[in-house]
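Coordinate analysis (summary)
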Amino acid sequence: MKRPMKRFWILPTLLFAATACAPQGGYTLIGEVPEVWEGKSVVLYAVDGGSAEPLDSTTVSGGQFRLKGVLATPRRCRGVVYLNPNDRTARDTRISFEVLLDSTQVTARYDALQGQEAFTLSGGATQEAMQEFRREQAALSGAYDRLFDEYIDTFYHRSDRQKGIALARRLTQLNEQILSRKIDYIRSHPNSGVSLQLADEVAHNAAIPTRDTLTALIGMLAPDLRASAAGQRLATLARSKRMLCGEQLPDLTVIDPQGQPHSLSELLLPGHCTLVEIWASWCSPCRDDIPYLREAYARYHDRGFDIVGISIDTQCDAWQQALASEKMAWRQYNDPERRSFGAFETGSVPTSILVDEQGRILLLEARGGWLGAALETRYDKQRK
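Just so it is clear, the model here is predicted, and its values are computed rather than measured.

Our focus in this paragraph is the overall build of the protein. Of the regular secondary structure elements, the protein holds 12 helices and 15 strands. In terms of overall size, the protein behaves like a compact globule, its C-alpha atoms giving a radius of gyration of 24 Å where 384 residues would be expected to give roughly 21 Å. Expressed as lengths along the three principal axes of its C-alpha atoms, the size of the protein is roughly 70 × 45 × 40 Å. Residues counted as buried form 51% of the 384 residues belonging to the protein. Put simply, of all contacts in the protein between residues at least 6 apart along the chain, 69% involve residues at least 24 apart. Accessible area of the protein: about 17600 Å², with a carbon and sulfur share of 49%. Placing the 45 positive and 47 negative side-chain charges of the protein at their respective mean positions leaves the two points 3 Å apart.

So, about empty space enclosed by the protein. Space left empty within the atom packing is revealed by a probe, the size of a water molecule, rolled over the atoms. What the rule picks out here adds up to two cavities of 30 Å³ or more. Residue lining of the largest cavity: Asp48, Pro74, Arg75, Arg76, Leu100, Thr126, Gly193, Leu196, Gln197, Asp200, Ala230 and Arg233, and that is the complete set. Counting only elements with at least two residues in the lining of the largest cavity, the list comes to strand E5 (75-82), helix H4 (193-203) and helix H7 (229-240). With four residues, H4 is the largest single contributor of residues to the lining of the largest cavity. Its residues assigned to classes, the lining of the largest cavity comprises four nonpolar, three polar and five charged. For the second largest cavity, the calculated volume is near 30 Å³. If you go around the second largest cavity, the residues you meet are Glu277, Trp279, Cys286, Ile290, Leu293, Gly309, Met328, Trp330 and Gln332.

For the rest of this paragraph, the subject is the sheet that holds strand E3 (residues 53-59). Overall, antiparallel pairing links the four strands, which are arranged E3-E2-E5-E6 in an open sheet. At either end of the open sheet lies a strand with only one pairing partner, and these are E3 and strand E6 (94-101). Taken pair by pair, the neighbouring strands of this sheet meet at an average axis angle of 20°, ignoring direction. In terms of strand pairing, E5 meets E6 through eight bridges, oriented antiparallel. Bridge pairing in E6 links valine 80 to serine 96.

Glancing now at the packing of aromatic side chains. Considering all chains together, one arrives at 12 aromatic pairs under this definition. Where tryptophan 37 meets tyrosine 110, the ring centres are 4.7 Å apart and the plane angle is 55°; that geometry is what we call tilted. Here the residue tryptophan 37 occupies a position in the loop between strand E1 (26-32) and strand E2 (41-46), and tyrosine 110 occupies one in strand E7 (residues 105-113), the gap between them amounting to 73 residues. Judged by relative accessible area, which is 14%, tyrosine 110 ranks as buried. Centroid distance phenylalanine 148 to tyrosine 151: 6.1 Å. Interplanar angle 45°. Geometry classified as tilted. One end of the pair is phenylalanine 148 and the other is tyrosine 151, both in helix H2 (residues 138-157) and three residues apart, which spans about a single turn. Owing to a relative accessible area of 5%, phenylalanine 148 belongs among the buried residues under this scheme. Cluster of aromatic residues (ring-pair linked, three or more members): Phe148, Tyr151, Phe155, Tyr156, Tyr292 and Trp370. Against the face of tyrosine 82 rests arginine 88, its NZ or CZ located 4.4 Å from the ring centre.

How each quantity is defined
- Residues numbered from 1 in each chain as written.
- Predicted model: local features only at pLDDT ≥ 70, side-chain atom pairs only at ≥ 80, totals over all residues.
- Heavy atoms only, no water.
- Helix = DSSP H or I, 4+ residues; strand = E, 2+ residues; numbered from the N terminus.
- Rg over C-alpha atoms; globule rule 2.2 N^0.38 Å.
- Buried < 20%, exposed > 50% of the residue type's maximum accessible area, 1.4 Å probe, protein only.
- Contact = heavy atoms within 4.5 Å.
- Areas by Shrake-Rupley, 256 points an atom, 1.4 Å probe, with all protein chains shown as cover.
- Lys, Arg positive; Asp, Glu negative; His and termini not counted.
- Charge placed at Lys NZ, Arg CZ, Asp CG, Glu CD.
- 1 Å grid on protein atoms, 1.4 Å probe; cavity = no way out; pocket = protein on both sides within 12 Å on 5 of 7 lines; lining within 4 Å.
- Points joined across faces, edges and corners; volume = space filled by probe spheres on them.
- Nonpolar A, V, L, I, M, F, W, Y, C, P; charged D, E, K, R; others polar.
- Pairing = 2+ DSSP bridges.
- Axes fitted to C-alpha atoms, helices over the stretch in contact; angles between N-to-C directions.
- Phe/Tyr/Trp six-rings, centres within 6.5 Å; stacked < 30°, edge-to-face > 60°.
- Lys NZ or Arg CZ within 6 Å of the ring centre and 35° of its normal.

Structural data, given as structure tokens:
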């Protein structure tokens, strides 16, 4: 379950010189770790192709490890130290870090600061360019964090809806700046391994408006980057992604409280803008949103706004108890097999999608102040 998402990935504002792909050849990743890790296994995975692809492995010796190999283009990788040789699945016995590797040398130095385990990275042309990229944007990302915290306090804790909606609009503007600057950077540095990483970040931002925008973004990259594992994954995403603004909402079958099946597409009222809300009785953020959904439904339903609630509860009794407790005026359905997760390309609740009168996606993550802003624009401003 999730709170409203911070809608950005830390982004660049200033361009810097060390962004072109380094001449490709052999990379070297050196680790400096505690001597008590002697003999522990270390595996390097490439993680930019859609799955974890093992590239090299070694063991810790004398407080160090060394991983080497050859890459055709810079890649986003993850180094993992397995502290328990008998169980590689337990999260508390593996230490990992992400790194952008090219043909240059990177050093990963382990630090345990304030009880949090982390690696400090140094060296590597692409890795250092990305780190500079992040440093240049610390002020902007910090501003977003502070504004988001203010939004949560205002909209949810103090129930100041109008100020919360205004804050959501400001957060949207910041996110648009973030996306614009990332895209500008990619356009200016088509050969950069940093650009390939940023393209992936932009592609997974819920504010990406259309498939054409996503396709154009990938087209900015140099041919060798488009041909890379990460580039091919992005191209596949551009072709197959369904949850984009302007696309038709995918259909699925849901169950009403009487146990009867219905097609979601048939539940969208003609002439109505509809919020499709995926939720669960046990999801606290879902339940936290319901008071505002009641307000929005009461204010806008007679003017063409509707809500379809879809619970992923597997226990029908828990769902029915939540319906009785919350007294939601809109129609409710159940999706116990969670087909909505696959249909809507999500894996968590709440998932909130606003669609227009034809069932086309208007807004992803249409929660709280963002939903309020969209409804104000659609209904209140039309009256003025």
